[in-house]
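# Reading the structure
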Amino acid sequence: GDRRSARMASSLSRETQAVLRSILLDSPPGQIKDVLADLVALLPGHEDALEAFLTPVVAEVVARDFTPVVIPGTGRKCLLTPDGLLEGPSPSFIDPSSRQVIHVDFSKASAGSSSEPVPCTGTSPLPAAELPALARAEPSRSAVEAAFAPYVSDMYPQGTLTVYGRVEGGGADGESV
């Protein structure tokens, strides 16, 4: 569980963790698999500790880079972005179109030759607490998505469009952005 991951990560010195975090955060967009593979090669025998420590950092980089993933069983793509990041011991992301949680296997980010930087392992329902805010923003979010979809399709045939919406302000009269 979480304690085991924390113990494994703590087997790396704070200085080593700081250097690894810096290297990963400075990785060029789209190069996360190569950088992770290099880090694993530089620290043989520390794979478990690296995985435990680097999972939240990889999630941050994947979100920063607006990484596309294919939703299993649908063929549809979604961008993993900072707005969709659900932090935690196993970071995941919101898919605003389907209102589901996207699960990503960060441990496989450095493995294999897949063209995807991180594989999507599936989806699950959003926590009930997230649904009211998404529902209030949905009319504006889906209108923006519908307006941009033809443009993205024409100009970026291999592109991925993901539109997030949220309601600013606490009341029912909050403003969608």
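Residues numbered from 1 in each chain as written. Predicted model: local features only at pLDDT ≥ 70, side-chain atom pairs only at ≥ 80, totals over all residues. Heavy atoms only, no water.

## A closer look at the overall build of the protein
Counting its regular elements, the protein contains five helices and eight strands. What you see in the protein, going N to C, is helices and strands ordered as α-α-α-α-β-β-β-β-β-β-α-β-β. Per-residue burial for the protein yields a buried fraction of 36% across its 177 residues. Pairs at least 24 residues apart make up 52% of the contacts formed inside the protein by residues separated by at least 6 positions. Of the roughly 10100 Å² of accessible surface on the protein, a fraction of 54% belongs to carbon and sulfur atoms. (Helix = DSSP H or I, 4+ residues; strand = E, 2+ residues; numbered from the N terminus. Buried < 20%, exposed > 50% of the residue type's maximum accessible area, 1.4 Å probe, protein only. Contact = heavy atoms within 4.5 Å. Areas by Shrake-Rupley, 256 points an atom, 1.4 Å probe, with all protein chains shown as cover.)

## A few points about the sheet that holds strand β4 (residues 92-95)
If you walk across this open sheet you meet the four strands as β3-β4-β5-β6, and the pairing is antiparallel. Since the sheet does not close on itself, it has two edges, and those belong to β3 (85-86) and β6 (120-125), each with one partner. For β3 and β4, the ladder comprises two bridges, and the chain directions are antiparallel. Within β4, the residue paired with L85 across the bridge is F93. (Pairing = 2+ DSSP bridges.)

## A word on helix α4 (residues 47-64)
End to end, α4 covers 24 Å across 18 residues, agreeing with the expected 26 Å (1.5 Å per residue, within 8%). If you check which residues of α4 are buried, you get A49, L50, A52, F53, L54, T55, V57, V58, A59, V61, V62 and A63. Looking one or two residues past α4, F66 carries a phi angle of roughly 50°, positive in sign. (Expected span 1.5 Å × (residues − 1).)

## Here's the deal with the environment of G30
Within the secondary structure, G30 is located in the loop between α2 (14-25) and α3 (32-42). You can call G30 exposed: its relative accessible area is 58%. In this structure, the C-alpha to C-alpha distance between G30 and F66, residues 36 residues apart in sequence, is 9.6 Å.

## What about the environment of V152?
Note that V152 resides in helix α5 (residues 131-155). Look past the residues within four positions of V152 in its chain and what remains in contact with it is P157, G159 and L161.

## A short note on the nonpolar core
Counting 34 residues, the largest nonpolar core has L24, L54, V58, F93 and I102 as the members making the most contacts within it. Listed by contribution, the elements that provide at least two residues to this core are α2, α3, α4, β2 (77-80), β3, β4 and β5 (100-104). Looking at this core element by element, the count peaks at 10 residues for α4. (Core = buried A, V, L, I, M, F, W, Y, C linked by side-chain atoms within 4.5 Å.)

## A word on the packing of α3 against α4
Two elements in contact, α3 and α4, have axes whose closest approach is 11 Å; the angle formed by their N-to-C orientations is 155°. Here α4 runs roughly antiparallel to α3, going by the angle between their axes. Crossing angle aside, the handedness with which α3 passes α4 is right-handed. Facing I32, L36, L39 and V40 of α3, the residues of α4 in contact are E47, L50, L54, V58 and V61. For the contact of α3 with α4, the class distribution of residues is eight nonpolar, no polar and one charged. (Axes fitted to C-alpha atoms, helices over the stretch in contact; angles between N-to-C directions. Parallel < 35°, antiparallel > 145°, perpendicular 65-115°, else oblique. Left-handed = near helix turned anticlockwise from the far one by under 90°. Nonpolar A, V, L, I, M, F, W, Y, C, P; charged D, E, K, R; others polar.)

## Considering the confidence of the model for the protein
Considering every residue of the protein, the mean pLDDT works out to 82; 83% of them sit at 70 or more. Looking at the elements of the protein, mean pLDDT is at its lowest for helix α1 (residues 2-10), recorded as 48, and at its highest for α5, recorded as 94. Scored below 50 in pLDDT, residues 1-9 shows nine contacts in the model against residues more than four places distant or in partner chains. (pLDDT = per-residue confidence, 0-100.)

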